[in-house]
Amino acid sequence: MTERLEGHFSVEESARTVRQYRYAVERMMRILAGWIALTPELSAKLLLGRHVWDNAQHADGWGRRLPELRAQAHMSEPSSQAFVAFMDLLESAEMPHQTVERLVGVYRVLKPHLLAVYEAHVAQANPVYEPPTRRILLRCIEDERRHIVAGETVLRHLFSTPALEERAAEWRARLEERLVAAGGVTGAGMPPAVALPDPAAAELSDDAREFIRLESVGREWPMPDDLRSALAALGKALMAGDDAGIRRGLLPECAWDPAHAVRLAGAGFESHAVVAFSKLGHHRLAKLRLEGPQGAVTLISRWVRAEGGWRASVLELAAFELAQPA
């Protein structure tokens, strides 16, 4: 007896489902990107920025899958106008004071729903006939679990009053009602909810707790002593516009325009300081600020431990706020 090499879904059904998944994740990516500038809380801003990229990868993965299903690449298709209305409602939380609503909509409603849909799908997908779809689903499942836990961690940090928690509950109920009415992302109904790890016990590669620490002020940033020394040396070189000194702190492949050193030289900077610091895997991100009578300059740097110590793989001018050109 031979096994039939077919999946639970026909090719046409699979292509339509993929387009529906892509609509949800592509639109979510655009919503998150638009919210970054509207969100005053640094922890939430960094969280949204991190997840924009992951969602872009999900949309790209689904888009590339379509030609293999005899459909046009990178097409998105909502399951219904009711699901479009749900996404419109989710996106409508655009006021600066609505950060909690923004995070609730994504991390307590949409992403848990997508996770449940993906897990139900992968359980049905034929491992012989549909390995490409299964690979994309498994990658999305892993990311969504991580995202949900990170989002919940930041949400709990933002719940400073019972009133905020009440607002969150009301908004969640409103969104879930709209999502159920739409039949979910595919229009086929709501799959069973899946259990999620406890944010208090989870290991977060998103470093959500690090994002929260970035909101603390008036404290010394925790970092290795040799990295602190490397940042101090770079700060002094930047203040002086010393291009050779700057380059000693950079990896050879780091793109650095010597014209920037010329702009910095003669600006009369009197101090330099690390004003933001974050651990991202094996990398460290540091924001440096140079200040003097003429104004200030802010630079973003990414550091890795290399042979001979910490070196910057990225150094970019983020803001040039001098009263007159240096």
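Bear in mind that the values here come from a model prediction, so they are computed numbers and not experimental data.

### A short note on the overall build of the protein chain
Next up, step 1: Broken down by element type, the protein chain carries 10 helices and four strands.
Next up, step 2: Moving toward the C terminus, one meets the helices and strands of the protein chain in the order α-α-α-α-α-α-α-α-α-α-β-β-β-β.
Next up, step 3: In terms of its C-alpha atoms, the protein chain occupies a principal-axis envelope of roughly 75 × 50 × 40 Å.
Next up, step 4: Relative to its full complement of 326 residues, the protein chain shows a buried share of 47%.
Next up, step 5: Within the protein chain, contacts between residues separated by at least 24 positions form 70% of all contacts whose residues are at least 6 apart in sequence.
Next up, step 6: Approximately 15,900 Å² of the protein chain is accessible, and the part contributed by carbon and sulfur atoms is 53%.
Next up, step 7: If you average the places of the 39 positive and of the 43 negative side-chain charges in the protein chain, the two averages end up 2 Å apart.

### Some points on unusual backbone geometry
Next up, step 1: The backbone phi angle of Arg 70 is positive, close to 60 degrees, even though this residue is not glycine.
Next up, step 2: Looking at where Arg 70 falls in the secondary structure, it is placed in the loop between helix H2 (42–65) and helix H3 (81–91).

### Here we look at the pattern of salt bridges
Next up, step 1: Tallying each qualifying case throughout the model produces 19 salt bridges.
Next up, step 2: Arg 172 is paired through a salt bridge with Glu 176; the nearest N and O atoms lie 3.1 Å apart. Of this pair, Arg 172 and Glu 176 both sit in helix H6 (residues 162–182), four residues apart, which is roughly one turn of that helix.
Next up, step 3: In this structure, the salt-bridge partner of Asp 243 is Arg 247, at a minimum N-O distance of 3.1 Å. Here Arg 247 and Asp 243 lie together in helix H9 (residues 243–248), a separation of four residues that amounts to about one turn.

### Some remarks on the pairing of strand S2 (residues 283–292)
On a regular strand, one side chain projects to one face of the sheet and the next to the other, so that they alternate.
Next up, step 1: Summarising the sheet, strand S1 (residues 271–280) and S2 pair through nine bridges and their orientation is antiparallel. Of the residues in S2, the one forming a bridge with Ser 271 is Glu 291.
Next up, step 2: Taking the residues that link successive antiparallel strands as the turn, the S1-S2 hairpin has two residues, and the phi of Gly 281 there is positive, at about 65 degrees.
Next up, step 3: Following S2, the chain reverses through two residues before pairing antiparallel with strand S3 (residues 295–306).

### Considerations on the packing of aromatic side chains
Next up, step 1: The full count for this structure, using the stated rule, is five aromatic pairs.
Next up, step 2: Ring centres 5.2 Å apart and planes at 85 degrees place the aromatic pair Tyr 21 and Tyr 118 in the edge-to-face group. On the criterion of sequence distance, the pair formed by Tyr 21 in helix H1 (residues 11–36) and Tyr 118 in helix H4 (residues 99–124) is long-range, its members being 97 residues apart. For the pair formed by Tyr 21 and Tyr 118, the shared burial category is buried.

### Observations concerning the nonpolar core
Next up, step 1: Trp 62, Phe 83, Phe 86, Leu 103 and Tyr 118 are the most contacted members of the largest nonpolar core, which totals 62 residues.
Next up, step 2: Taken together, the elements giving at least two residues each to this core come down to H1, H2, H3, H4, helix H5 (131–158), H6, helix H7 (208–213) and S1.
Next up, step 3: In this structure Phe 83 touches Tyr 23, Ala 24, Leu 179, Ala 182, Gly 184 and Val 185, once residues within four positions along its chain are discounted.

### Observations regarding the environment of Arg 248
Next up, step 1: By the secondary structure assignment, Arg 248 is in helix H9.
Next up, step 2: Given a relative accessible area of 61%, Arg 248 falls into the exposed group.
Next up, step 3: Remark: the alpha-carbon pair of Arg 248 and Gly 189, spanning 59 residues in sequence, is separated by 59 Å.
Next up, step 4: Once residues lying within four places of it in the same chain are set aside, the contact partners of Arg 248 are Asp 242 and Arg 311.

### What about helix H8 (residues 225–240)?
Next up, step 1: If you check H8, its first and last C-alpha atoms are 23 Å apart, about what 16 residues at 1.5 Å a residue would give, namely 22 Å.
Next up, step 2: All of the buried residues in H8 are Leu 227, Ala 230, Leu 231, Leu 234, Gly 235, Ala 237, Leu 238 and Met 239.
Next up, step 3: Just downstream of H8 lies Gly 241, where phi reads positive at about 65 degrees.

### Describing the environment of Ile 136
Next up, step 1: If you trace the backbone, Ile 136 turns up in helix H5.
Next up, step 2: As a C-alpha pair, Ile 136 and Arg 65 span 71 residues in sequence and 8.7 Å in three-dimensional space.
Next up, step 3: Dropping the residues within four chain positions of it, Ile 136 is found in contact with Gly 61, Trp 62 and Arg 65.

### What to know about the pairing of S3
Next up, step 1: Where S2 meets S3, nine bridges bridge the pair, whose relative direction is antiparallel. In the sheet register, Lys 287 faces S3, and the bridge partner there is Ile 300.

### A closer look at the layout of surface pockets
Next up, step 1: The space that makes up the largest pocket amounts to roughly 540 Å³.
Next up, step 2: Residue lining of the largest pocket: 22 residues in total, with Leu 46, Ser 278, Leu 285, Lys 287 and Ile 300 positioned closest to the centre.
Next up, step 3: With six residues, the top contributor of residues to the lining of the largest pocket is H2.
Next up, step 4: Looking at the lining of the largest pocket, its residues break down into 13 nonpolar, three polar and six charged.

Here is what the cut-offs are and how they apply
Residues numbered from 1 in each chain as written. Predicted model: local features only at pLDDT ≥ 70, side-chain atom pairs only at ≥ 80, totals over all residues. Heavy atoms only, no water. Helix = DSSP H or I, 4+ residues; strand = E, 2+ residues; numbered from the N terminus. Buried < 20%, exposed > 50% of the residue type's maximum accessible area, 1.4 Å probe, protein only. Contact = heavy atoms within 4.5 Å. Areas by Shrake-Rupley, 256 points an atom, 1.4 Å probe, with all protein chains shown as cover. Lys, Arg positive; Asp, Glu negative; His and termini not counted. Charge placed at Lys NZ, Arg CZ, Asp CG, Glu CD. Salt bridge = Lys/Arg side-chain N within 4 Å of Asp/Glu carboxyl O. Pairing = 2+ DSSP bridges. Phe/Tyr/Trp six-rings, centres within 6.5 Å; stacked < 30°, edge-to-face > 60°. Core = buried A, V, L, I, M, F, W, Y, C linked by side-chain atoms within 4.5 Å. Expected span 1.5 Å × (residues − 1). 1 Å grid on protein atoms, 1.4 Å probe; cavity = no way out; pocket = protein on both sides within 12 Å on 5 of 7 lines; lining within 4 Å. Points joined across faces, edges and corners; volume = space filled by probe spheres on them. Nonpolar A, V, L, I, M, F, W, Y, C, P; charged D, E, K, R; others polar.

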